[in-house]
Structure formats: structure tokens, C-alpha cells
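So the chains spell out like this:
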Amino acid sequence: MSVDLTVVVPAYNEERRLAPTLAAIRAYLEEGDEDGYAPGGRTRWELIVVDDGSTDATLDIAADAEAADPRVQLIHSDRNLGKGHALRLGVLASRGDRVLITDADLATPIEELECLDKALADGHAAAIGSRARPGATIESHQHRLRQLLGRTGNFLIRTVAVPGVRDTQCGFKLFDGDRAREAFAASRLRGWGIDVEILQYFRRSGWPVAEVPVRWAHQEGSKVRPFDYVRVLAELTSLKARTVRPADLLAAALFLAMAVTLYSGRWIAPGDRYLPDSLQDQNQWEWFFAVTADNVRHLQNPLFTTLQNFPDGVNLMANTVMLGLSVPFAPVTWLFGPAVALNAAMTLGLAATALAWYWLIVRRLVRHRGAAAVGAALAAFAPPMISHAHAHPNFMVLFMIPLIIDRALRLCEGTNGGTRVVRDGVVLGLFTTYQIFLGEEPLLLAAVGMVLFAAAYGLVRRDVARAAFRPLARGLGVAVAVTVPLVAFPLYWQFFGPQSYTSVLHGDDAGNSPLALLSFAERSLAGNEKTAGALAQNPTEQNAFYGWPLVALAFAIVVRFWERAVVKALAFTAVAAALLSLGPKFRIPLTDVVLPGPWKVLAHAPLFESVIESRVAMVCAPALGMLVALTLARLLAPLRMTAARYAGVAAVALALLPIVPAPLRAVERAEVPDFVADGTWRQYVGEGESLVPVPLPDPSGAEALHWQTTADLGFRLPGGYFNGPWGPDRVGIYGASPRNTSNLLRDVRAAGRAPQITDAWRRAAREDLAYWNAGVLVLVPQPHDAALRVTVEELLDRPGKWVDGVWIWDLHGGS
């Protein structure tokens, strides 16, 4: 006989409540309610009680009910396996066209079935009772602490697993019978997380679910504990881990292997190896990680320090110390030192960036995992990224950018896409806030790329643009409202705090040459140092160098798939970014013709004025990666491979092979002088004094920062390698504001000749040493050290002293 309704009641040690609950359910199903809703009059029903290994009289009560009414069925487990297991047994044993699951305490009265039934009649596949929806009635509340913990847990669950559902754990749910049996047959969880797992299955299957406000009353003796929500999160995490595809794990392993190979020269001995092509950036970034960890340990202001540029200090927020990365890595810095922390952060960050692009491409563009992996590898390991991988973690640890792009796309979908604009706006605001603490310039460049793509796609698909405008505008407003309060003070400190500056000047040659877009980078397999060096400022700023084969391939892809709107938008984004990267003016190769570049419009705009315009070409990397992914997905589609398909795959491989990155060069690091490494410096530097290297550290020679981190930041340094203000206009420069003595020593190092020292030079030196509150001057063996020693001796009118491998001038006896 067919059954219209099955009621499933899981029970564990419910001897006090089960009998009244079963009686109430049977009476309602037989007689209906006072308003005439009579399911029993028109419904053939069954009641399934699942005893989950009870140790009290629950089994006997259920057995008595089964004996008294053939429509009651008892299912028994020998041991307690959890609510999820009990529900699975009950639902799979059901025969009803509709299946209602309800807790044994009947916290939601059985009469609320009418509300859920109406939702199913309206075309929904499931109707779940909700205590959080407007219209719900809470007749008896839980203890406030329990209620707070429950709400917090529920918020975390729905945010992580089923966004948009306010109450996942109310134990009163009505399902379409066939779909319920399919979902529960596919379920794996045994505990309280079964509710969320089933809702996830319905959502993935596209089956509509209604959340219906119901009456609810807390029942004493409830088996649900506040911390069971933590267990639910643990179950869902375990479930998510089990559902990861092997191809996804393989892609993650591939990206990690590529990142480790890239940095293999340093992983041999991170503390003793240096990337020479990073110039002084490795010293600077290790110092950034060290000073952040020190500030965290001592609960000091993470936005400022006087350890460099003493006594003026350094505005750390204005120097992109990546608090979003250096703070979480502080324990690694404490335990293993800043060299290991920086190398680990860049290795893992690069792999995470590739994985994030892979996730975005699979989610939004192609389903073929292999094609997505190749596209993501190009996006994350393109030549510009490898150039910055030398020691610019803020430009290659970009795993938040794909997440921000996806959240913006969700906003464009609006309510028609099943998203909640306010929620997605909040998440976008939080993502943006975190990215600001990873790197503001990459966020600005990403925004440029997103605007270019949106403009092109909107022109091609105006219907999509019109539908997306309102939810996107509203969501962006929410994102701004979330972001501004969180970053207001750090940004105020950055732009108006101590040692802030207005903008950084990079000169007129900071744009790419058109040839750079077609040439090969130094660390690409087809590249060489001489060619790349002639087309870039330095090895860390080879911001184009995609190579002519990849450019030709991209052109062919665009021509072949021009009918697709996304291809047109990606092509426009790549071309526009490449043109912008040429700078405010550029020279046509092999001629003397100089033309204005489109960057001229933005060159003096706020924020853009500090951007190195050649970096805009980095936007091309993900655009090209997505074009390649689209092509490979078409070529590798599950159809018979033809000669044309093999030729297409070979063309892609041949275009990518020349730009495959080679491992970064690493050399033995310059040793820290024993005077510093052994702690001898402590005898000469008192409280509040500084150690003055000769010459002072600057962007061309910042090895003293490595001394400082080796000494656990025990002493302060004048000078340094950072961005700070110069002059009355507070223009941003690299390094400290020049002083007479620092300029003199720098010039002697460069020329190798000691000048004639006058009394004016000596007076200036006394003023500068007093300004720096110098305790000792230190000269290590280096090129032109004889000229430097003579100069210092003439300035101080006293000979130096050889101590632990360095020349020193102790200033405590007077200079």
C-alpha cells in the first residue's frame, strides 16, 4: 500500500518523553487540527522510530507502540552511533511521498506540519522549520549563554556550509520522499552535521528549499549541547576533505612542487643562502618579518618602529610589511628566524596563489581540471610573478585576489543567482580589508583589471550588465561600509602618521618597452640576462616578458573563439593592461619616435602616482591563463582526439615551454661580522644609542639589516632601506633623508677615494653623530674600506680599533 506521509523520530535515551511524543503524533495524524487540517482523513501514514542504542527503556516504549499500531515501525541499533546514523536508517526505510523528521522532544509541535506542507505544495523540494525567520514564535527560551553559543555556532555553520539558511539545526523538516531518500543514501555523517549535509545535497542538486518560521519551545533534557555546534563544524570539515577530488589534490601538489623547486636554492639552507637578483630586497623583507614578530611579541605598535632610520623611525604601514602575512608567521619567525619565515611564506604563498586561481577557473570558467591547472600555473608562475618572487612577496602572494574576484561576480549574480547581496558584500569587505594588509598596490592593479574586464563584458553583454548593476552597486556599498571602519586608522597612520609621505617618484623610465612584452625574462628557460636587463629596471621588475610565442598563441585563441563574450573581455583586459604598462610615454622600437601612452591620464592621479606603471602588465598573467584554460578545455573535451586537437595541444605546449621558470639563483650569504654575531657590540651600544655602520645602510647596501636581525634587533640603526619622506613636500624616497655624513661616506664607497676633510666636515659629522645618538661606528672589510677608514679617522681625528673582525670607533670617550 502506498504511503503519503512518513514521520521519522530518532530517539536516544528518551524514556521520559517518547511515549507522549508518539501519542501526540498519532493523534494529530488521525484527527487533524482544530482548523480542519486533517492529514489523517486523507493520508495514509507511517511512523518510524529509530532507537539509537538507548540504554534506558526507550526501546521498550517504542516496541509497545509498534505492537499497538501496525503503522508504527521500530528500527533498533545495538549501539549509539549518532543522530545522523539514526535519521539515515529511518529515512531509507520510509515509503512516504513526503518524509517528516522531528525530534523526540517535539520542541516544534506536530501541528506545525501544516506550515511545512503548504511550502511543499508551492513547489519546494523541502521545507525546514526555522526559529530565526521573521514570524517564528519562541515560547520557551534556552539559557542566555546557551542561546548565545547556539546562535554563534549556527552562524558559523551556515556561513561555512549553507549561506542563506538562518537555522540549519531545528529538528523539524519535511522533504519530498524520493529526494530525501536519495540525499540520505548519499550522506556520510553520523552526528548532528547530517542536517547541513542534506541541505548541501539539496542545494547542489538545484532542489528548492523553503525555510518556514515555526513555533518552538526549549525542552528540558535536550540532547543538544551548545558545543555540539563545534562538532558539527568538525564533521563538515571532515566531509569537505573527503569530497575533494584527486585531481584537485594533484593540482595542489603540483603547485607546491613548482614553488619548492623555484626556491630550492634557498631551501638547502635558508639562513645561509641569498638571492642575489633580489638586490637588497631579501635583507629588507627579512627585517620586515623580524620587526613585526618583535612588535607582536612585545605588544608594541605594529605600524611604526625606530629600529631603522633612528631616531626618526619608519612608518611600517607605509612600507607594505604585509601584516596579513608577517603577523601569522610571527611564531615561525620566533622559532626559526626571519630567513626561514620569509622563505616559507613566499613558497607557500605562491603555491596558494596558484591554487586560488585554479579554484576560480574551475568555479567560473572551465570544469576540466587539467586545463584549469595549466591556466592557474600561468597566472601564478608567469615571468612577472617569478621576477617578483625574488623578494617581493606582496606582488606574488596574491591568493586573496581570486577570492575577491569571485565574490564580486557573486554580487553581479544578485538574487537571481541565489546569493544574498548583503552577505556577499560583507564578505567582500572583509576580503578587501585582509588584502589591504597583504598589499595595497596589487589590490589597486587587480581593481584596474576587474574594471577593464567589467567594461568590456558589459559592452558585449549589455543585458547582463543591466541585471548586475543594482546588486553590484549595493554590494559594493556594503563592502565599503565594512572595509572603511576596519582600515581607517591604519590608512590614516600610513598617509598622515609619523614618517608618512605623499608619493614615491620612480622616474620617467618606469614603463615597459613594447619589446619587453614579446621578449623572455632572465629566469625563463628561453631568456638571458643581457636581453632582459636591457629592457627592465632590474631583475625584480621584469614585469612583462611573456614571449612572442605566447602572445601569438593568445592572438590565435581570441580569433578562434571571438564569438564568446568572455574571450572578448579577457582579450580587452590583456591588451589594455599591456598598453597601460607602457607608461605615460613610450618609444616605438627601432625608431626615435616617442608617443604618449594611455597611462598619462592616470600618472598624476591619487594612488596611481606611486605605482610603477610597468607592473600593470602583471594583470595580463591571469587573463592569458584563463584564455589558455578555455582553449585546453575545448581541446581536451571528452571526444575523440583528432590530429587537429593534438596539434592544438602541441601549440599550447610550445608557447608555454619558453617561459617555464628556472629555479632562482642562490649564493652563499655574506657572513655577519663576529663583532655582531658574538654580541660584542653590547659593550659599545648603550640604552637609547645606535650602532652606525660605515657607510650607513641604504637601498644599495642594506646588509646591516641582516646584522640587526641576527642580533635579535638588539640595537638601532640610522639610515636603512625603506620608503620615507624627504623635503618640505614630504616626497617619498627610498632610504633615509640624506645628511652630510651619510652622503660623504656613500660617495667614498662609490669612488674609492678619501676626500680632504675640512673643519666644516668635522662639525657636520659631530652634529650627525649626535643626531643619531651614536654609540659606536663599525666598518667591516669591504671594497674601498681603506678609503672609508681614512675618512672616518679624519672626521673623528682618532684612529679606529680592530675588534672581532671589524674596525670600530667607540664614541663614549668623546669624538
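Read on for a plain summary of the structure. Because the structure is a prediction, the values reported are computed rather than measured.

**Comments concerning the overall build of the chain**
Now for step 1: Tallying secondary structure elements over the chain gives 33 helices and 21 strands in all.
Now for step 2: Along the first, second and third principal axes, the C-alpha set of the chain runs to 115 × 65 × 45 Å.
Now for step 3: Going through the 815 residues of the chain one by one, you find that 55% of them count as buried.
Now for step 4: Considering only contacts within the chain whose residues lie at least 6 apart along the sequence, 77% involve residues at least 24 apart.
Now for step 5: When the accessible area of the chain is evaluated, it comes to approximately 36,000 Å², of which 59% is carbon and sulfur surface.
Now for step 6: Separation between the mean location of the 76 positive side-chain charges and that of the 78 negative ones in the chain comes to 6 Å.

**What about the sheet that holds strand β5 (residues 126–130)?**
Now for step 1: The 7 strands are arranged β3-β2-β1-β4-β7-β5-β8 in an open sheet whose pairing can be described as mixed. Where the open sheet ends on each side, the last strands, each with one partner, are β3 (72–77) and β8 (209–213). Ignoring which end each strand starts from, the neighbouring axes of this sheet average 20 degrees apart.
Now for step 2: Helix α3 (residues 58–68) contacts β1 (3–11), β2 (45–52) and β3 of the sheet and is inclined by roughly 150 degrees relative to β3.

**Considerations on helix α21 (residues 440–460)**
Counting along an α-helix, one turn takes 3.6 residues, and residues three or four places apart therefore face a common direction.
Now for step 1: The end-to-end C-alpha distance of α21, which contains 21 residues, comes to 30 Å, matching closely the 30 Å that a straight helix rising 1.5 Å per residue would cover.
Now for step 2: For α21, every residue scored as buried is listed here: E441, P442, L443, L444, L445, A446, V448, G449, L452, A456 and G458.
Now for step 3: Those residues of α21 that are buried are in contact with α18 (393–396), α19 (400–413), α20 (421–436), α22 (462–496) and α26 (565–580).

**Some remarks on the packing of α19 against α21**
Now for step 1: Running from N to C, α19 and α21 point in directions that differ by 40 degrees, and their axes come no closer than 11 Å. Relative to α21, α19 is oriented oblique. Two packed elements cross with a definite hand, and for α19 against α21 that hand is right-handed. Between α19, through I401, I404, I405 and A408, and α21, the contact on the second element is made entirely by P442, L443, A446 and M450.
Now for step 2: Considered class by class, the residues forming the contact of α19 with α21 number 8 nonpolar, no polar and no charged.

**Regarding helix α7 (residues 177–186)**
Now for step 1: The complete set of buried residues in α7 reads G177, A180, R181, A183 and F184. Down the axis, α7 shows its buried residues gathered within 165 degrees of arc, on one side only.
Now for step 2: Buried positions along α7 lie against α4 (83–92), β4 (96–102), β7 (172–176) and α8 (194–205).

**A look at a nonpolar patch on the surface**
Now for step 1: Residues F489, Y492, F495, F496 and L607 make up a contiguous nonpolar surface patch of roughly 580 Å² in combined accessible area.
Now for step 2: Along the chain, F489 turns up in helix α22.

**Thoughts on the environment of L486**
Now for step 1: With respect to the helices, strands and loops of the structure, L486 is situated in helix α22.
Now for step 2: Separated by 290 residues in the primary sequence, L486 and V196 have C-alpha atoms spaced 32 Å apart.
Now for step 3: Excluding residues that lie within four positions of it along the chain, L486 makes contacts with L430 and T433.

**Brief notes about the environment of P402**
Now for step 1: Relative to the assigned elements, P402 resides in helix α19.
Now for step 2: Residue P402 is classed as buried on the basis of its relative accessible area of 0%.
Now for step 3: In sequence terms P402 and A577 are 175 residues apart; their C-alpha atoms lie 18 Å from each other.
Now for step 4: With residues up to four places along the chain from it excluded, the contact list for P402 reads A356, W357, W359 and L360.

**A look at the packing of helix α31 (residues 740–751) against helix α33 (residues 785–796)**
Now for step 1: Packing of α31 against α33 leaves a shortest axis separation of 9 Å and a crossing angle of 150 degrees. The angle between α31 and α33 falls in the class roughly antiparallel. Note that α31 runs across α33; the crossing there is right-handed. Every residue of α33 that contacts α31 at T741, L744, L745, V748 and R749 is listed here: A787, L788, T791, V792 and L795.
Now for step 2: Split into classes, the residues belonging to the contact of α31 with α33 amount to 7 nonpolar, 2 polar and 1 charged.

**Side note on the packing of aromatic side chains**
A ring pair, where both rings are aromatic, is described by two values, the distance of the centres and the angle of the planes.
Now for step 1: Inspection of the entire model under this criterion finds 16 aromatic pairs.
Now for step 2: An angle of 85 degrees between the planes, with centres 6.1 Å apart, marks the rings of F175 and F184 as edge-to-face.
Now for step 3: Look at F175 and you get buried, because its relative accessible area is 1%.
Now for step 4: Judged by relative accessible area, which is 1%, F184 ranks as buried.
Now for step 5: Look at F304 and W493: their rings are 6.3 Å apart centre to centre, the planes differ by 65 degrees, and that puts the pair in the edge-to-face class. Here W493 lies in helix α22 and F304 lies in strand β11 (residues 304–305), a separation of 189 residues in the sequence.
Now for step 6: Residue W493 is classed as buried on the basis of its relative accessible area of 15%.
Now for step 7: Across the ring face of Y771, the terminal group of R739 is positioned such that the distance to the ring centre comes to 4.1 Å.
Now for step 8: One cation-aromatic arrangement involves R789 over W807; the distance from NZ or CZ to the ring centre is 4.4 Å.

Conventions and cut-offs
Residues numbered from 1 in each chain as written. Predicted model: local features only at pLDDT ≥ 70, side-chain atom pairs only at ≥ 80, totals over all residues. Heavy atoms only, no water. Helix = DSSP H or I, 4+ residues; strand = E, 2+ residues; numbered from the N terminus. Buried < 20%, exposed > 50% of the residue type's maximum accessible area, 1.4 Å probe, protein only. Contact = heavy atoms within 4.5 Å. Areas by Shrake-Rupley, 256 points an atom, 1.4 Å probe, with all protein chains shown as cover. Lys, Arg positive; Asp, Glu negative; His and termini not counted. Charge placed at Lys NZ, Arg CZ, Asp CG, Glu CD. Pairing = 2+ DSSP bridges. Axes fitted to C-alpha atoms, helices over the stretch in contact; angles between N-to-C directions. Expected span 1.5 Å × (residues − 1). Parallel < 35°, antiparallel > 145°, perpendicular 65-115°, else oblique. Left-handed = near helix turned anticlockwise from the far one by under 90°. Nonpolar A, V, L, I, M, F, W, Y, C, P; charged D, E, K, R; others polar. Arc of directions from axis to C-beta. Patch = residues over 30% accessible without salt bridge, like charges linked within 9 Å, V, L, I, M, F, W, Y side chains within 5 Å. Salt bridge = Lys/Arg side-chain N within 4 Å of Asp/Glu carboxyl O. Phe/Tyr/Trp six-rings, centres within 6.5 Å; stacked < 30°, edge-to-face > 60°. Lys NZ or Arg CZ within 6 Å of the ring centre and 35° of its normal.

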